[in-house]
Amino acid sequence: MTPPLVLDFAHAGLTVSDLDDALVLWCSGLGFTLERTFTLDAHTTAATTGVTGASIRAATVVLGDRRVELLQYDPPRAARAGGSPAETGTVHIALTVSDLDRVLDLCAAHGWRPVGRPHEMTSGARTGTRIIYLEGELGGFLELIAPPQLP
């Protein structure tokens, strides 16, 4: 039997405008732990991402066995205006949360805005679960998933 080509899910990545602020949100606010910080010089950045003329300051944060890589490009590139989660190729990061309203307030303080109102699922496996997407002020999407509270 041929071994699988993909061995594991390594991480999700999110480009941020301010790594320090992002670390406050993800670690102090959302409860992730800082695993490591690192810098990629312009040569390595170009070789790995195809972005020329920039370096990357980055951090990996973890929650359980899940990793999110936060990347701050220097110099930054202008964000595309009017992005949509419906655009082909758009990626989002989904987080299961225990207190949706508290997480919404926390994220708002760091530039993430809801794209609508929380929707409560009324049928199927996720009945009672509240779900909402947030858009970062400079792009990117988070999905917050709040399962129903157990008695």
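Since the structure is predicted, the reported quantities are computational estimates derived from the model, not experimental observations. (Residues numbered from 1 in each chain as written. Predicted model: local features only at pLDDT ≥ 70, side-chain atom pairs only at ≥ 80, totals over all residues. Heavy atoms only, no water.)

S.K.: Explanation requested: the overall build of the protein chain in the structure shown.
M.R.: Counting its secondary structure elements, the protein chain contains three helices and nine strands. Reading the helices (α) and strands (β) of the protein chain from amino to carboxyl end gives β-α-β-α-β-β-β-α-β-β-β-β. For the protein chain, the C-alpha atoms occupy an extent of roughly 55 × 50 × 30 Å along the three principal directions. Expressed as a percentage of the 151 residues in the protein chain, the buried residues total 30%. As displayed, the protein chain offers around 9,800 Å² of accessible surface, 54% of which is attributable to carbon and sulfur atoms. (Helix = DSSP H or I, 4+ residues; strand = E, 2+ residues; numbered from the N terminus. Buried < 20%, exposed > 50% of the residue type's maximum accessible area, 1.4 Å probe, protein only. Areas by Shrake-Rupley, 256 points an atom, 1.4 Å probe, with all protein chains shown as cover.)

S.K.: Even after reading the chapter, I still don't get helix α2 (residues 42-49), so can you show me in this structure?
M.R.: Since the α-helix advances by 3.6 residues per turn, residues separated by three or four positions end up pointing in the same direction. The N-cap of α2, judged by a side-chain oxygen 3.2 Å from the amide nitrogen of H43 a few residues on, is D41. Immediately downstream of α2, the backbone of G50 shows phi near 85°, a positive value. (Polar contact = N/O pair within 3.5 Å; in protein donor to acceptor, adjacent residues only side chain to side chain.)

S.K.: Hey, could you run me through the sheet that holds strand β3 (residues 55-63) in this one?
M.R.: Adjacent strands of a sheet form backbone hydrogen bonds with each other and so pair up, either parallel or antiparallel. The strand order β1-β4-β3-β2 describes an open sheet built from four strands, whose pairing is mixed. The two strands at the open ends of the sheet, each matched to only one other strand, are β1 (12-15) and β2 (33-40). For this sheet the average axis-to-axis angle between neighbouring strands, irrespective of direction, equals 20°. Alignment of β1 against strand β4 (residues 66-74), held across four bridges, turns out to be parallel. (Pairing = 2+ DSSP bridges. Axes fitted to C-alpha atoms, helices over the stretch in contact; angles between N-to-C directions.)

S.K.: Honestly, the side chain of E143 in this entry has me stumped. Any pointers?
M.R.: Here E143 is to be found in strand β9 (residues 141-146). Here E143 occupies a buried position and makes no salt bridge, while the nearest side chain of opposite charge, R126, is found at 5.3 Å. In terms of polar contacts, E143 uses its side chain to reach the side chain of H92, at 2.9 Å. Look past the residues within four positions of E143 in its chain and what remains in contact with it is H92, I93, A94, L95, I131, I132 and Y133. (Lys, Arg positive; Asp, Glu negative; His and termini not counted. Salt bridge = Lys/Arg side-chain N within 4 Å of Asp/Glu carboxyl O. Contact = heavy atoms within 4.5 Å.)

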